[in-house]
Amino acid sequence: MNKITTSILRPTRTNLRRLAAVLRRGELVAIPTETVYGLAANALDAQACQKIFRAKRRPANDPLIVHVLNIDQAATLAEISPAAIKLAKRFWPGPLTLVLPRKSSVPDVVTSGRDSVAIRSPLHPLARRILGLTGRPLAAPSANPFGYISPTTPAHVRAGLGGRIRYILDGGPCAVGVESTILDLRDSTKPRILRPGAISRQEISRVLRCPVALGQRVSPMVAKHGEAGALAPGLLEQHYSPKTPLVLVRRWTAGVIRRAPRNCAFIHFKKPASAGRVRNVFWLTRKGDAREAARNLYAVLRKADKGRCSQICIESAPSALGALAAAINDRLTRAATKRQAPAHSSPGPEG
Ligand code: AMP
Ligand code: MG
């Protein structure tokens, strides 16, 4: 792909109309959502969606999430069960993605040839304005090179995809900060969480009045050959990784600190009482709030990744803090796995 100029556009009325026209003619636009920035294309245009895979260098077997304005638009793409309607009524617009049996209107490239499609309705007002003005469902995976940390600001998008895409819509920092909860609802009697996010298994279970299973984390080997990996490659153990090797610790102990290399970056969950202006010491939240921590997670990981450290040591979120803590720990566990792979088999963050 030739190098192109990447512009960050303010959300003026003229710019929004212009970007909707760009999307309608089959080009890409990075847009803010409440979870992370998405790299959007007209989901009904197979060639436009191919461009997402090229820009992200995403493998063709990793399907895209389609964003819609509402349940009516979702019904043009998927078979909507009574369970899906219940969940959409309760959680849409918001960070819940439903995997549903697809209709033939959805191009194969979007679902990577699966007979299901993943759909969500975003809450971010600019995502909704763009969806409304474009008048099409928008396929939009996170706007980062495949496997790297998701972007939560326009500057993050430019750092990863600058020179590969033309337009980024500036919606400021994302309010949630971690990707949506993905629920497999192909069979509404057997709902299963494929990726934890801000909406918890318990909340979903209460609405559906039935138990909700938690999908197992998939190792790269199983993903190659197994059913779960084939269904959702985003479950891969190795994902969301900084370039610097990352170690996840449950609690700071003398042993953890002693074993850390000299130029290690330390990321605390909560600001330590003794924290002064020490180089390479970071935290996700000042007062121990899971929402603040999720909002800051990717920006802090990126900062630590830039610090030319030989290792990042990060504390897991207290599980008592609920769904967002579970989502943070899920992402960190996957980011950490990379370190355990032998150096020669570890893919570059942009692979
Ligand atoms: P993202 O890159 O954050 O947009 O997440 C996309 C992820 O959604 C993929 O990696 C899959 O794990 C999941 N996904 C998308 N479409 C499907 C589908 N049809 N069936 C199961 N999982 C899906
Ligand atoms: Mg992603």
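The structure we're discussing is the one just above.
This report concerns the structure included in the present document. Values in this document were obtained by computation on a predicted structure and should not be read as measured data.

What follows covers the overall build of the chain. In terms of regular secondary structure, the chain is built from 13 helices and 15 strands. Looking at the 351 residues of the chain, the share that counts as buried comes to 55%. Put simply, of all contacts in the chain between residues at least 6 apart along the chain, 67% involve residues at least 24 apart. Carbon and sulfur atoms provide 51% of the accessible area of the chain, an area that totals close to 16100 Å².

Attention shifts here to the pairing of strand β5 (residues 96-101). By the criterion of burial, β5 is predominantly enclosed, with five of the six residues buried. Where β5 and strand β9 (residues 181-184) come together, four bridges link them in parallel fashion. When the sheet's bridge partners are listed, T97 is paired in β9 with I182. By the bridge criterion, four bridges tie β5 to strand β6 (residues 116-120) in an arrangement that is antiparallel. Within the sheet, the bridge partner assigned to L100 lies in β6 and is V117.

Residues L87 and I204 are the most contacted members of the largest nonpolar core, which totals 46 residues. For this core, the elements supplying multiple residues, two or more each, are β3 (38-42), α2 (46-56), α4 (82-91), β5, α5 (108-111), β6, α7 (154-161) and α8 (201-208). Residues within four places of L87 in sequence aside, it is in contact with W92, L96, L98, L183, L185, I204, V207 and L208. One finds Y240, A290, V300 and I314 within the second-largest nonpolar core, a separate group that totals 31 residues.

The next point concerns the packing of helix α1 (residues 13-24) against helix α6 (residues 125-134). α6 packs onto α1 with a crossing angle of 55 degrees between their chain directions and a minimal axis gap of 9 Å. Between α1 and α6, the interaxial angle falls into the category oblique. Where α1 crosses over α6, the two elements pack in a sense that is right-handed. Every residue of α6 that contacts α1 at R13, L16, R17, L19, A20, L23 and R24 is listed here: L126, R129, I130, L133 and T134. Per-class residue counts for the contact of α1 with α6 are seven nonpolar, one polar and four charged.

Reading across from one edge, β12-β15-β13-β14 is the order of the four strands in this open sheet, with parallel pairing throughout. Only two strands of the sheet have a single partner each, and these edge strands are β12 (246-249) and β14 (281-285). Taking the axes of each pair of neighbouring strands and ignoring which way they run, one obtains an average angle of 20 degrees across the sheet. Summarising the sheet, strand β13 (residues 264-270) and β14 pair through four bridges and their orientation is parallel.

Our focus in this paragraph is α2. Those residues of α2 lying buried are A48, C49, I52, F53, A55 and K56. Elements in contact with the buried residues of α2: β3, α5, β7 (138-139) and α7. The N-terminus of α2 is capped by D45, whose side-chain oxygen sits 3.0 Å from the backbone nitrogen of Q47.

Let us now look at the pattern of salt bridges. A pair can form between side chains of opposite charge whenever their charged atoms are brought close. What the rule picks out here adds up to 10 salt bridges. Here E292 ties to R286 by a salt bridge, and the two come within 3.9 Å at their closest N and O atoms. Judged by its relative accessible area of 16%, E292 is buried. Accessibility expressed as a relative area gives 56% for R286, which makes it exposed. Counted as one network, the salt bridges with shared partners bring together E179, D330, R331 and R334.

Moving on to the sheet that holds β3. Within the open sheet, the 11 strands sit side by side as β1-β8-β2-β3-β7-β4-β6-β5-β9-β10-β11. Their pairing is mixed. The open sheet has two edge strands with one neighbour each: β1 (7-9) and β11 (213-214). As judged from the two bridges shared by strand β2 (residues 29-31) and strand β8 (residues 167-169), these two strands associate in the parallel manner. By the bridge assignment, A30 is partnered in β8 with I168.

Look at α4 against α8: their axes get within 10 Å of each other, and the N-to-C directions meet at 125 degrees. Considering their axes alone, α4 and α8 lie oblique with respect to each other. In this structure, α4 meets α8 at a crossing whose hand is right-handed. Along the contact surface, α4 presents A83, K86, L87, R90 and F91, while α8 presents E203, I204, V207 and L208.

Tallied over the full model, the rule gives one aromatic pair. Ring geometry for W252 against F266: centres 5.7 Å apart, planes inclined by 75 degrees, an arrangement best described as edge-to-face. A residue pair is termed long-range when its members are at least 10 positions apart, and W252 in the loop between β12 and α11 (254-259) and F266 in strand β13 qualify at 14 residues. On the basis of relative accessible area, F266 is assigned to the buried category, the value being 16%. In this arrangement the basic side chain of K243 is found over the ring face of Y148, its NZ or CZ atom lying 5.5 Å from the centre.

Parameters at a glance
- Residues numbered from 1 in each chain as written.
- Chains lettered and ligands numbered in written order.
- Predicted model: local features only at pLDDT ≥ 70, side-chain atom pairs only at ≥ 80, totals over all residues.
- Heavy atoms only, no water.
- Helix = DSSP H or I, 4+ residues; strand = E, 2+ residues; numbered from the N terminus.
- Buried < 20%, exposed > 50% of the residue type's maximum accessible area, 1.4 Å probe, protein only.
- Contact = heavy atoms within 4.5 Å.
- Areas by Shrake-Rupley, 256 points an atom, 1.4 Å probe, with all protein chains shown as cover.
- Pairing = 2+ DSSP bridges.
- Core = buried A, V, L, I, M, F, W, Y, C linked by side-chain atoms within 4.5 Å.
- Axes fitted to C-alpha atoms, helices over the stretch in contact; angles between N-to-C directions.
- Parallel < 35°, antiparallel > 145°, perpendicular 65-115°, else oblique.
- Left-handed = near helix turned anticlockwise from the far one by under 90°.
- Nonpolar A, V, L, I, M, F, W, Y, C, P; charged D, E, K, R; others polar.
- Polar contact = N/O pair within 3.5 Å; in protein donor to acceptor, adjacent residues only side chain to side chain.
- Salt bridge = Lys/Arg side-chain N within 4 Å of Asp/Glu carboxyl O.
- Phe/Tyr/Trp six-rings, centres within 6.5 Å; stacked < 30°, edge-to-face > 60°.
- Lys NZ or Arg CZ within 6 Å of the ring centre and 35° of its normal.

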